[in-house]
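Structure assessment
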Amino acid sequence: SAEQKALANDAEEFRDIVKREIWTAVDMVFGADESHQPTFRVENFMEIPANGWDAWVAMETELAKPVHAKNIESGSRAGWVLTSLVMPRGQGLPYQASTLDFYDSWEQMNSDEGAAWATVHPKLTEAEIVKRIESTRTIMRSEVRMLVEYIE
């Protein structure tokens, strides 16, 4: 509505921006309905070891992404995005990358994804999977966010 647009255009009157970051999507997978807006997202901010970027991206895209796609197909996840922090940059930052896990409900966030891992990677044990994941990054912080309102 015109009232909502006016409020959005005057947003600076009601807030102070305290931090700006520029991110880029490296890879992603979502369901077929591109207009669907999932209700919840969990963002996992990660520190990648020195010279470990390629190993981390390979782990995420080759090991984890197919499992996320399987969970999307089965209805226990809405989407997944792999991101890279573009700016700011520097050694003093606690993270350089993140993944975003999208869900349609709180219950979906708590669903057991173990079956998808076993289906997609039947020759890997849980310990092998954990070792491959944990050797490529450290999660520095995770945040749960809920979509309150959406405007196209």
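In what follows, the structure referred to is the one given above.
Computed from a predicted structure; not experimentally measured.

Rules behind the numbers
Along each chain, residue indices are assigned from 1 in the same order as the chain's sequence is written. With the structure being a predicted model, the display of local features is reserved for residues of pLDDT at least 70 and the display and counting of side-chain atom pairs for 80 or more, all residues being used for whole-chain, interface and lining totals. Hydrogen atoms and water are omitted, and side-chain values are computed over all heavy atoms in the structure. By the criteria applied, helices consist of DSSP H or I runs no shorter than four residues and strands consist of E runs no shorter than two, each listed in order from the N terminus. A 1.4 Å probe rolled over the protein chains alone gives each residue an accessible area, and that area as a share of the maximum for its type sets the label: buried under 20%, exposed over 50%, partly exposed in between. When checking whether two residues touch, look at their non-hydrogen atoms; a contact exists if any pair is within 4.5 Å. Working definition of accessibility: Shrake-Rupley area with a 1.4 Å probe, residue cover restricted to the visible protein chains. Stacked, tilted and edge-to-face are the three classes assigned to paired rings of Phe, Tyr and Trp, where Trp is represented by its six-membered ring and a pair needs centres within 6.5 Å; plane angles under 30 degrees give stacked, over 60 edge-to-face, the rest tilted. What qualifies as a polar contact is a pair of N or O atoms within 3.5 Å, subject to a donor-acceptor requirement within protein and to the restriction that residues adjacent in sequence count only when both atoms come from side chains.

This part is about the overall build of the chain. Within the chain one finds five helices and five strands. Within the chain, the proportion of its 152 residues that are buried is 33%. Considering only intrachain contacts with a sequence separation of at least 6, the fraction spanning at least 24 residues in the chain is 81%. Total accessible area computed for the chain in this model is approximately 10100 Å², and 53% of it derives from carbon and sulfur atoms.

Our focus in this paragraph is the packing of aromatic side chains. In total, this model carries six aromatic pairs according to the counting rule given. Arranged with centres 5.1 Å apart and planes meeting at 55°, the rings of Trp53 and Trp56 form a pair that is tilted. One end of the pair, Trp53, and the other, Trp56, are both in helix 2 (residues 53-74), three residues apart, so they sit about a helical turn from each other. In this structure Trp53 comes out as partly exposed when scored by relative accessible area, which is 32%. Through pairs of rings, three or more aromatic residues link up here, namely Trp23, Phe45 and Tyr95.

Topologically, Thr83 is positioned in strand 3 (residues 79-87). What makes Thr83 buried here is its relative accessible area of 7%. A polar atom in the side chain of Thr83 sits 2.5 Å from the side chain of Ser98. The contact partners of Thr83, leaving out residues within four places of it in the chain, are Trp23, Thr24, Ala25, Val26, Trp56, Ala97, Ser98 and Leu100.

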